[in-house]
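# Tertiary structure, described
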Amino acid sequence: MNWLIFALLAWLMAGMELGLRDALQIGNLALAPSFVMILLVFVALWARPQTALGVGLSLGALLDLLYVLPTQTGETAVLMGPWALGCTLAAYTVLNFRALMFRKNPLTMAFLCAVATAIANVIVLAILALRAFYDPILLPSATSELWQRLGTAVYTGVVALAVGPALQTLAPWLGFRRQTQLGGRFA
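Bear in mind the structure is a predicted one, so any value in this text is a computation, not a measurement. (Residues numbered from 1 in each chain as written. Predicted model: local features only at pLDDT ≥ 70, side-chain atom pairs only at ≥ 80, totals over all residues. Heavy atoms only, no water.)

Okay, the pattern of salt bridges next. Counted according to the given criterion, the structure contains 1 salt bridge. In this structure, the salt-bridge partner of Arg149 is Glu145, at a minimum N-O distance of 3.1 Å. Here the residue Arg149 and the residue Glu145 both occupy positions in helix H7 (residues 142–169), the gap between them amounting to 4 residues, near one helical turn. Residue Arg149 is classed as buried on the basis of its relative accessible area of 14%. Classification of Glu145 by relative accessible area gives buried; the value is 14%. (Salt bridge = Lys/Arg side-chain N within 4 Å of Asp/Glu carboxyl O. Helix = DSSP H or I, 4+ residues; strand = E, 2+ residues; numbered from the N terminus. Buried < 20%, exposed > 50% of the residue type's maximum accessible area, 1.4 Å probe, protein only.)

It is worth spelling out the packing of helix H3 (residues 35–46) against H7 at this point. It is at 10 Å that the axes of H3 and H7 come closest, and there the two elements cross at 55°. Comparing their axes, H7 and H3 come out oblique. Like other packed secondary-structure pairs, H3 and H7 cross with a definite hand, here right-handed. Together, Phe35, Ile38, Leu39, Phe42 and Trp46 of H3 and Thr156, Val159, Ala160, Val163, Leu167 and Gln168 of H7 make up the contact between the two elements. (Axes fitted to C-alpha atoms, helices over the stretch in contact; angles between N-to-C directions. Parallel < 35°, antiparallel > 145°, perpendicular 65-115°, else oblique. Left-handed = near helix turned anticlockwise from the far one by under 90°. Contact = heavy atoms within 4.5 Å.)

All right, on to a nonpolar patch on the surface then. Together, Leu65, Val68, Val78 and Met80 make up a nonpolar patch on the protein surface, roughly 380 Å² of accessible area in all. Within the fold, Leu65 resides in helix H4 (residues 49–66). (Patch = residues over 30% accessible without salt bridge, like charges linked within 9 Å, V, L, I, M, F, W, Y side chains within 5 Å. Areas by Shrake-Rupley, 256 points an atom, 1.4 Å probe, with all protein chains shown as cover.)

So, on to helix H5 (residues 82–97). Taking 1.5 Å as the rise per residue, H5 with 16 residues should run 22 Å; its terminal C-alpha atoms sit 23 Å apart, in good agreement. All of the buried residues along H5 are Pro82, Trp83, Ala84, Gly86, Cys87, Thr88, Ala90, Ala91, Thr93, Val94 and Leu95. Packed against the buried residues of H5 are H3, H4, helix H6 (106–131) and H7. (Expected span 1.5 Å × (residues − 1).)

On to the confidence of the model for the chain, then. Here the chain shows a mean pLDDT of 89. Residues at 70 or above account for 94%. Looking at the elements of the chain, mean pLDDT is at its lowest for helix H9 (residues 177–180), recorded as 52, and at its highest for H5, recorded as 97. (pLDDT = per-residue confidence, 0-100.)

We now examine the packing of helix H1 (residues 3–19) against H4. Interaxial distance between H1 and H4 falls to 11 Å at its minimum, and their mutual angle equals 35°. As H1 packs across H4, the resulting crossing turns out to be right-handed. Facing H1, whose interface residues are Trp3, Phe6, Ala10, Ala14, Glu17 and Leu18, H4 presents Thr51, Val55, Ser58, Leu59, Leu62, Leu63 and Leu66.

Glancing now at the packing of aromatic side chains. Aromatic ring pairs are described here by two measures, namely the spacing of the ring centres and the angle between the planes. A full pass over the atoms with the stated rule returns 4 aromatic pairs. Residues Trp3 and Phe6 carry aromatic rings whose centres are separated by 5.6 Å and whose planes lie at 90° to one another, so their mutual orientation is edge-to-face. Within this pair, Trp3 and its partner Phe6 are both found in helix H1, separated by 3 residues, close to a single helical turn. Among the residues examined, Phe6 registers a relative accessible area of 6% and is labelled buried. Against the face of Trp46 rests Arg103, its NZ or CZ located 5.3 Å from the ring centre. (Phe/Tyr/Trp six-rings, centres within 6.5 Å; stacked < 30°, edge-to-face > 60°. Lys NZ or Arg CZ within 6 Å of the ring centre and 35° of its normal.)

What follows concerns the side chain of Asn121. Relative to the helices and strands, Asn121 resides in helix H6. Discounting residues that sit within four places of it in the chain, Asn121 has contacts with Trp83 and Arg149.

Among the structural elements, Ser34 can be located in the loop between helix H2 (21–24) and H3. If we skip the residues at most four places from it in the chain, Ser34 touches Glu17 and Thr156.

To continue, consider the nonpolar core. Counting residues in each nonpolar core, the largest one holds 49 residues, and the members touching the most others are Ile38, Leu39, Phe42, Met109 and Leu167. Of all the elements in the fold, those that place two or more residues in this core are H1, H3, H4, H5, H6, H7 and helix H8 (171–174). Considering every element that reaches this core, the biggest residue donor is H3, with 12 residues. Contact partners of Ile38, with chain neighbours within four places excluded, come to Met109, Cys113, Thr156, Val159, Ala160, Val163 and Leu167. (Core = buried A, V, L, I, M, F, W, Y, C linked by side-chain atoms within 4.5 Å.)

Set out below in structure tokens:
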């Protein structure tokens, strides 16, 4: 895998995630797609397993740095770990599913983005809920937060229908040339 192109794509997707969050948000709900998760699923579909897990860990750490949490003292906190663990487990899930999927099908990308985003968000919410018992972070009701995060997962899957084919065109630049040019029925 070409790590320089991946780093540029990760930077672009993180910028889109922060910059387009308000524009793509549905109403007054906190539903906005995760472009970083779309990149994670794309790489996990085509990269070697060790690379996919490393990408999951690094993109999760990036998301940990992007999302700040309010505290009871009125300040904000950055917690390293919840997203890193959630994204690594999401990448592992995609690795297990990819043998059963047609990788080039846009619906595969959409489905796996929804599943991976849901898994990562459930892990993050569970860790934050446990941490809220002893740490002064403010966390809304876990039930309402869970429904918003699952809605975000579905929304990310829908957006992946448009972003996935664009990433597919960049596959040779990322070093996925061999896998994407195999052809055949099950590629």
